[in-house]
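# Descriptive analysis of the structure
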Amino acid sequence: MIKANDPTRTSWAEVPKDSDFPIQNLPFGVFRTASNPSPRACTAIGSNVVDLAVMNYLDLLDDLEIDNEVFSNRYLNDLMALGKPKLRQLRDRLADLLDARNEEARDLAWHFLHPMDKVELLLPVRIGDYTDFYSSLEHALNVGTMFRPDNPLLPNWKHLPVGYHGRASSIVVSGTPVQRPMGQTMPEGATLPVFGPTKLLDFELEMAFVVGKPNPMGQPVDITDAEDHIFGLMLFNDWSARDIQSWEYVPLGPFLAKNFASTVSPWVVTLDALEPFRTAGPVQDPQPLQYLQFQGEKSYDLRLEVEIQTQGGARAVVCRSNFKNLYWNMCQQFAHHTSGGCNMNIGDLCASGTISGPTPDSYGSMLELTWRGTKPIRMPDGTERKFIQDGDTVTMRGWGEKNGVRIGFGEAAGKVLPPL
Ligand code: CA
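Residues numbered from 1 in each chain as written. Predicted model: local features only at pLDDT ≥ 70, side-chain atom pairs only at ≥ 80, totals over all residues. Heavy atoms only, no water.

Applying the stated criterion across every chain yields a total of 9 aromatic pairs. Where phenylalanine 209 meets phenylalanine 334, the ring centres are 6.4 Å apart and the plane angle is 50°; that geometry is what we call tilted. Here phenylalanine 209, found in strand S13 (residues 205-211), pairs with phenylalanine 334, found in helix H10 (residues 330-338); they are 125 residues apart in sequence, far enough to count as distant. Both residues of the pair, phenylalanine 209 and phenylalanine 334, belong to the buried class. (Phe/Tyr/Trp six-rings, centres within 6.5 Å; stacked < 30°, edge-to-face > 60°. Helix = DSSP H or I, 4+ residues; strand = E, 2+ residues; numbered from the N terminus. Buried < 20%, exposed > 50% of the residue type's maximum accessible area, 1.4 Å probe, protein only.)

This is the structure in structure tokens:
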């Protein structure tokens, strides 16, 4: 077992019962404070962030021999570049320092501990390239059924993890407002398109993995080695404008309907921390080609939910899903992505595609939840939602729970602002 994952361990720092960040999680992020605006790496414990640069400065991480520039850094890319064995040592050390038995570290805590609600959590990764997959069978079937009732699943879908290359520049951290995009649409019955604000703004409940180890161009990564290249996971909202999408997507796929904004959670939860939640994914039939065949359990049992909060404060959880619903796993996505020789770099992001489950309350987008607006969702304040309105805040959450330990991802939240 990974030392830091020991479920019996407790911390001297207070960890509220429903916290996403017990001592067994120790995710990585980047933060700054009003009094010290230099961004630096951090981890989380309970309702606090832990300044790793200060910990290193206090010689608490000394024998790991990590340069302070790795921690006093705007992004986690250099930290990830240290590689999994070193990062495992770092996580184990952090667990020892935050352990209830470590009075020496506790007495120094005022140097490196900050209340999470008093700091600014920044986009933690310098994202070079971003890819979005389409790996939920239920999502593909739902969307396929709506738009092609006679032929919902296209012939390639069960043979490869379908994806497209997305836009990295507009990926923002949780809490960043999202402006309703303008775009070109073809109104029903019209003969000419119009330009204006999207009328069908949607979320897509996804998770994204962060690449932590590169592969050279021309050297595909075997599926048995793929996990070694995946540093960790984040929540991901692939904001989508359905009316723009349905007009523009032929024949090359999503473009402006997706590139105006995507929201990620501020914490990268390592695959190591998710180890207890490993589980088998859906049975794949037909069996995929050999380069996509894998051994063992490659999915994770992680509960996911989406909440809408109106401008007036009415809140409703509109979707409850699970990461294990995904048909294609991350190892298959990574192996497929590199199979033609594509080089992946540290900080590249690969999102899963909308994670819909088998029941109507587990669908991961408004498009599916309201079935193209034909079954509106009733909010507690009496209003209805077919899609997302100005002033609404969409918040995604995710967590695994086992042996009394809850490993969570925090939040990916974004408030929708009217168009300029
Ligand atoms: Ca998507």
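On we go from here.
Donor atoms from the polypeptide that coordinate the calcium ion comprise Asp132 (OD), Glu204 (OE), Glu206 (OE) and Asp238 (OD), at 2.2 to 2.3 Å from the metal. Each donor residue of the calcium ion belongs to the same chain, with the gaps between them written as D-x71-E-x1-E-x31-D. Of this pair, aspartate 132 sits in strand S6 (residues 130-133) while aspartate 238 sits in the loop between strand S14 (230-237) and strand S15 (240-241), placing them 106 residues apart in sequence. Taken as a pair, aspartate 132 and aspartate 238 share a single burial class, namely buried. (Donors = N, O, S within 2.8 Å, 3.2 Å for Na, K, Ca; no water.)

Here 5 strands make up an open sheet; going across it, the order is S9-S26-S25-S20-S21 and the pairing mixed. Edge positions in the sheet fall to strand S9 (178-179) and strand S21 (315-322), since each has one partner strand and no second. (Pairing = 2+ DSSP bridges.)

This part covers the sheet that holds strand S4 (residues 113-115). Strands sit in the order S4-S3-S2-S1-S5 across an open sheet of 5 strands; the sheet is antiparallel. The open sheet has two edge strands with one neighbour each: S4 and strand S5 (120-122). On average, each strand axis in the sheet is tilted by 45° relative to the strand beside it, whichever way the strands run. (Axes fitted to C-alpha atoms, helices over the stretch in contact; angles between N-to-C directions.)

Domain annotation of the chain identifies domain 1 (3-122) and domain 2 (130-417). Inter-centroid distance (C-alpha atoms) of domain 1 to domain 2 is 29 Å. Taken together, the 27 residues of domain 1 in the interface contact 28 residues of domain 2. Where domain 1 abuts domain 2, roughly 2100 Å² becomes buried across the two surfaces, and 61% of that area is made up of carbon and sulfur atoms. When the buried area of domain 1 at its contact with domain 2 is split by residue, Asp20, Met80 and Lys84 rank highest and sum to 29% of it. At the boundary of domain 1 with domain 2, the tally comes to 2 salt bridges. Taking the shortest distance from any N to any O, the salt bridge between arginine 406 and aspartate 20 comes out at 2.9 Å. Here domain 1 is connected to domain 2 by 11 residue pairs in polar contact (both at pLDDT 80 or more). (Domains from an automatic or database assignment. Contact = heavy atoms within 4.5 Å. Buried area = accessible area lost by both parts, 1.4 Å probe. Salt bridge = Lys/Arg side-chain N within 4 Å of Asp/Glu carboxyl O. Polar contact = N/O pair within 3.5 Å; in protein donor to acceptor, adjacent residues only side chain to side chain.)

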